[in-house]
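Residues per chain are reported as follows:
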There are 2 protein chains.
Amino acid sequence: MDLVRAGPRVVSTTIRIPDGSPFGPHNLPYGVFSVAAGAPRIGVRLGDTVIDLSVLLDDDGADRVFSAASLNPFMAQGPARWAEVRERITALVAADLPDEALHPVRDVTLHLPVEVADYVDFYASQHHASNLGRLFRPDAEPLLPNWKHLPVAYHGRAGTVVVSGTGIVRPSGQRKAPDEAVPTFGPSQRLDIEAELGFLVGVGSELGERIDVDAFAEHVFGAVLVNDWSARDIQAWEYVPLGPNLGKSFATSISPWVVPLAALEAARVPLPEQDPQPLDYLRGGQDRGLDVELVVEWNGEEVTRPPYREMYWSPAQMLAHMTVGGASARTGDLFASGTVSGPERRQRGAFIELTWGGKEPVTVKGEERTFLRDGDVVTISAAAPGPGGTRIGFGEVTGTILPAG
Amino acid sequence: MDLVRAGPRVVSTTIRIPDGSPFGPHNLPYGVFSVAAGAPRIGVRLGDTVIDLSVLLDDDGADRVFSAASLNPFMAQGPARWAEVRERITALVAADLPDEALHPVRDVTLHLPVEVADYVDFYASQHHASNLGRLFRPDAEPLLPNWKHLPVAYHGRAGTVVVSGTGIVRPSGQRKAPDEAVPTFGPSQRLDIEAELGFLVGVGSELGERIDVDAFAEHVFGAVLVNDWSARDIQAWEYVPLGPNLGKSFATSISPWVVPLAALEAARVPLPEQDPQPLDYLRGGQDRGLDVELVVEWNGEEVTRPPYREMYWSPAQMLAHMTVGGASARTGDLFASGTVSGPERRQRGAFIELTWGGKEPVTVKGEERTFLRDGDVVTISAAAPGPGGTRIGFGEVTGTILPAG
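What counts and how
Residues numbered from 1 in each chain as written. Chains lettered and ligands numbered in written order. Predicted model: local features only at pLDDT ≥ 70, side-chain atom pairs only at ≥ 80, totals over all residues. Heavy atoms only, no water. Contact = heavy atoms within 4.5 Å. Buried area = accessible area lost by both parts, 1.4 Å probe. Salt bridge = Lys/Arg side-chain N within 4 Å of Asp/Glu carboxyl O. Polar contact = N/O pair within 3.5 Å; in protein donor to acceptor, adjacent residues only side chain to side chain. Helix = DSSP H or I, 4+ residues; strand = E, 2+ residues; numbered from the N terminus. Least-squares fit on C-alpha atoms with pLDDT ≥ 70 in both. Buried < 20%, exposed > 50% of the residue type's maximum accessible area, 1.4 Å probe, protein only. Pairing = 2+ DSSP bridges. Axes fitted to C-alpha atoms, helices over the stretch in contact; angles between N-to-C directions. 1 Å grid on protein atoms, 1.4 Å probe; cavity = no way out; pocket = protein on both sides within 12 Å on 5 of 7 lines; lining within 4 Å. Points joined across faces, edges and corners; volume = space filled by probe spheres on them. Nonpolar A, V, L, I, M, F, W, Y, C, P; charged D, E, K, R; others polar. Domains from an automatic or database assignment. Phe/Tyr/Trp six-rings, centres within 6.5 Å; stacked < 30°, edge-to-face > 60°. Lys NZ or Arg CZ within 6 Å of the ring centre and 35° of its normal.

J.: Provide a residue-level description of the interface of chain A and chain B, including the pertinent values.
T.: Listed by partner, the interface residues are 57 residues for chain A and 56 residues for chain B. Summing the contributions of chain A and of chain B, the shared interface buries around 5100 Å²; its carbon and sulfur component is 61%. When the buried area of chain A at its contact with chain B is split by residue, H155, R157 and L242 of chain A rank highest and sum to 16% of it. Our count for the contact surface shared by chain A and chain B stands at two salt bridges. Of the charged contacts in the structure, one is a salt bridge between R157 of chain A and D333 of chain B, with a shortest N-O distance of 2.9 Å. Seen at the junction of chain A and chain B, the total is 20 residue pairs in polar contact (both at pLDDT 80 or more). Looking at the side of chain A that touches chain B, the elements with two or more residues in it are β10 (153-156), β13 (172-175), β14 (184-187), α6 (232-238), α7 (246-249) and α8 (315-323) of chain A.

In structure tokens:
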């Protein structure tokens, strides 16, 4: 950034935004950051600069939400406040900003941006659900009878949602191959990823009430990238009849930057056709598809580009379904899409699909690879169209596999 | 209670404990209560009296944990502190107590005793799992191949765990009978209960670490009664392949009194035989069965008495399994046993089993009944043996069914 010393205070006259940056003035994602030994607080990213909102905005009497160590207090304030703050930030960055409020992103530590309340993981990609059905239940119809009528989901472990960069210890657990008589215990041999988008609830709902499919933007604050690490061997043995548990509970990584819903308006697309038409309470959410393209890198090499626009169920339908029985939502609830997979092989968002259960390896850095080895690094990034040909970046969610404990 | 005015301060010379009270001096369960417009705080129950620990114990400098609105800060202090506080309470109640610290239980409002972190529900009764298998999958083996090798469980919705007495709004959702072509939407027609015990984690664990089966008492603070309300028609349609979601996410009720683990020492019994022997990480928890008898009343009439001593998996095995893959535990984690069912019909802890899918009604107040109607009240209570022939009461968890919204 260009700095001009103006009297006793250092001010920045501009924040220089690199050409083509996906963190331009139409994005403005929020995160929780700290510098050196300072306390975590709320920042917004512009280019490669983190703007400290606790310095700029916490003088307005609105509960000092930007001095908090999570986005929850700000998210709870609701859409009118979110819009007002976004306008203020847009005005602020057009003018001089005090240097004390600006930090190069490379100098900050990024933290888990939210206190996760409940974590629900959907299964909203028809391509993914069909592929997994073929792999897990080879003798049956790949798509189960309920799949096109409701967005299938399960509750995951909120306490093990971690921020990008957290090391992922390979889980141990019970596995039993079909040709083995009894299960054995040991480190997972089929450790996998799931590339997903996650949505964060800002404004919750009361017990016994439902959130209408059209009320999505009144409740949802923004979106993050999710890597729902999955131990396929543990999952395959445990998951009947109550669903996945230890195969997925050991860690779920999310990106540190929360892209506000307002930044994704230009990325809205209609869903691919839903046939049969869903029940009334799910209609109206069909214009809430999102044209977000994910990119998965394995040890630095791109291996797949899952297209979010191919998802069968929209996030508005997910939220409406989640609450239609009267379950309340809370500030900090995270609901994720499930693996994003497109129709092409190089659009599959999990390695079990990409390598067809490990039988069709992919080449990574010159080696044939199927599942994750200790030391492997997986990085998921994503971007969406913004206004006027700009790009809205999600940043990345990354993790390194550590040996079993 | 007998009161003697002694100078300027009203003191109670004794707390009169009704004969045969299951809340005698060997129980001392903790809860969160308030009186009139006062703030919620921590109390302990003796007989029909609630003793305000914020008055008696929050002068000791230990973070004023008894003035909190949940047990979480106290639970986080760990087993040495739990033992010390139990000893202090035992000494205090033998002496005079200031009247300002004593409230008749009928005069207080009881609140949700904990902030629930993650909620995991197990499936640890062989009788229940076999019965549900026969009812949900009539053409297959009732017990799935993994069931005797690991305590099957799923994550429930922590945000809809409510305290006893909270009204239960009948959930609406998708249902499809096998002979219907497409699902319909409407209020659940097969609303049910699940009578369970729940266990509360006081001291958590780090990500990537496991809690050994022998370390149960270092982590678990106490137990509560759980009613995991279940909409069987919604559950039956949605639950493949990722497990129950809306069929159970609308509400889970827990009792307001948390019985400390120390009060359940006399109730410890060995598990029924586990055959096959479980894997190493689950052994050693086989002496952690509990002789707790539950009683379910439907509109005031006793309909079943589920025996916890019949459970196949112990809570120590549940906690060891939950963390063996490196998932961390947190203060406030609630893990429940799943429905407690014994071998006899009148020991089944869910109405779907008791009435065999609605085909064998039970008589309640002179009427043939299967599933729950609006206005029905279900109350689960329980007691266990205490030292010297005493009884350790859990109090009750109750709920009234309200019409669909």
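Moving on, there is more to tell.
J.: Quick rundown of the relation of the copies chain A and chain B? Include the residues and the values.
T.: For the match of chain A to chain B, the screw axis carries a shift of 0.0 Å, the RMSD comes to 0.0 Å, and the turn is 180°. Those values place the two copies in the arrangement expected of a two-fold rotation axis. The position closest to the rotation axis in chain A is occupied by the C-alpha of G243 of chain A, lying 2.1 Å away. By residue overlap, the copies meet face to face through one surface: 98% of the interface positions of chain A are interface positions in chain B.

J.: Let's hear about the side chain of S337 of chain B: which residues, and what values?
T.: All names here are of chain B. Mapped onto the elements of the fold, S337 is located in the loop between β25 (334-336) and α9 (351-354). Here S337 falls in the buried class, since its relative accessible area comes to 0%. Ignoring sequence-local partners within four residues, the contact set of S337 consists of D121, F122, Y123, A124, E196, L197, Y308, M311 and M318.

J.: So what's going on with the sheet that holds strand β5 (residues 49-52) of chain A? Which residues, and what values?
T.: Residues and elements named next belong to chain A. Pairing within the open sheet is antiparallel, and its five strands lie in the order β7-β5-β4-β3-β8. Each having just a single partner strand, β7 (102-104) and β8 (109-111) make up the two edges of the open sheet. Here the average twist between neighbouring strands, direction ignored, is 45°. The pairing of strand β3 (residues 30-34) with strand β4 (residues 41-46) spans four bridges and is classified as antiparallel.

J.: Talk me through the pairing of β3 of chain A; I want residue IDs and the actual numbers.
T.: Burial runs high along β3 of chain A: five of the five residues are buried. Taking the residues between adjacent antiparallel strands as the criterion, β3 of chain A and β4 of chain A are bridged by six residues, where A36 of chain A takes a positive phi near 50°.

J.: Give a description of unusual backbone geometry that names residues and reports values.
T.: Across the junction of V240 of chain A and P241 of chain A, the peptide omega takes the value 0°, indicating a cis bond. For P241 of chain A, the position within the fold is in the loop between α6 and α7. The backbone of A36 of chain B shows a phi angle near 50°, a positive value even though the residue is not glycine. Relative to the assigned elements, A36 of chain B resides in the loop between β3 (30-34) and β4 (41-46). Of note, N299 of chain B is a non-glycine position whose phi angle comes to about 50°, a positive value. Counting through the fold element by element, N299 of chain B comes out in the loop between β23 (293-298) and β24 (301-304).

J.: Run through the layout of surface pockets, naming residues and quoting values.
T.: One number sums up the size of the largest pocket: a volume of about 1000 Å³. As for the largest pocket, its lining consists of 29 residues, and the residues nearest its centre are F136, R137, A236, W237 and Y239 of chain B. Secondary-structure elements contributing two or more residues to the lining of the largest pocket are α4 (126-136) and α6 (232-238) of chain B. Sorting elements by how many residues they give to the lining of the largest pocket places α6 of chain B first, with four residues. Here the lining of the largest pocket is composed, by residue class, of 18 nonpolar, two polar and nine charged. Each pocket or cavity is described by its volume, and for the second largest pocket that value is around 700 Å³. Lining the second largest pocket are 21 residues, and of these K176, A177, P178, A236 and W237 of chain A sit closest to its centre. Among the secondary structure elements, those contributing two or more residues to the lining of the second largest pocket are α4 (126-136) and α6 of chain A. Here the lining of the second largest pocket takes four residues from α6 of chain A, the largest share from any one element.

J.: Give a detailed account of the domain arrangement of chain A, specifying residues and quantitative values.
T.: All names here are of chain A. Domain parsing of chain A yields domain 1 (2-110) and domain 2 (119-402). Relative placement of domain 1 and domain 2: their C-alpha centres are 30 Å apart. Contact with domain 1, which involves 24 residues of that partner, is made by 26 residues of domain 2. Around 1800 Å² of area is buried between domain 1 and domain 2 when both sides are counted, 75% of it from carbon and sulfur atoms. Summed over the three residues of domain 1 that lose the most area to domain 2, namely H26, M75 and W82, the buried surface amounts to 30% of that side. One can count zero salt bridges joining domain 1 with domain 2.

J.: Let's hear about the sheet that holds strand β28 (residues 377-385) of chain B: which residues, and what values?
T.: Residues and elements named next belong to chain B. What the five strands build is an open sheet, ordered β12-β29-β28-β23-β24; its pairing is mixed. Pairing within the sheet leaves two strands with one partner each, and these edge strands are β12 (168-169) and β24. As paired strands, β12 and strand β29 (residues 391-402) are joined by two bridges and run parallel to one another. Bridge pairing in β29 places V169 opposite L402.

J.: Kindly report on the environment of S188 of chain A, identifying the contributing residues and their values.
T.: Residues and elements named next belong to chain A. Checked against the element boundaries, S188 lands in the loop between β14 and β15 (191-192). By relative accessible area, S188 is classed as buried at 1%. Once the C-alpha coordinates of S188 and S172 are considered, the two residues, 16 residues apart in sequence, prove to be 5.5 Å apart. When residues no more than four places from it in sequence are discounted, the contact partners of S188 are R170, P171, S172, R175, A231, D233 and I234.

J.: Go over the packing of aromatic side chains with me, naming the residues and quoting the values.
T.: Here a ring pair, both rings aromatic, is described through the centre-centre distance and the interplanar angle of the planes. One pass over the structure, following the stated rule, counts 28 aromatic pairs over all chains. Between Y30 of chain B and F221 of chain B, the ring centres sit 5.6 Å apart and the planes meet at 40°, which makes this aromatic pair tilted. Taken together, the residues span a long stretch of sequence, with Y30 of chain B in strand β3 and F221 of chain B in strand β17 (residues 220-227) at a distance of 191 residues. The class for Y30 of chain B is buried, based on a relative accessible area of 3%. One aromatic cluster in this structure is built from Y30, F66, F74, W82 and F221 of chain A. Over the ring of F23 of chain A we find R45 of chain A, and its NZ or CZ is 3.8 Å from the ring centre.

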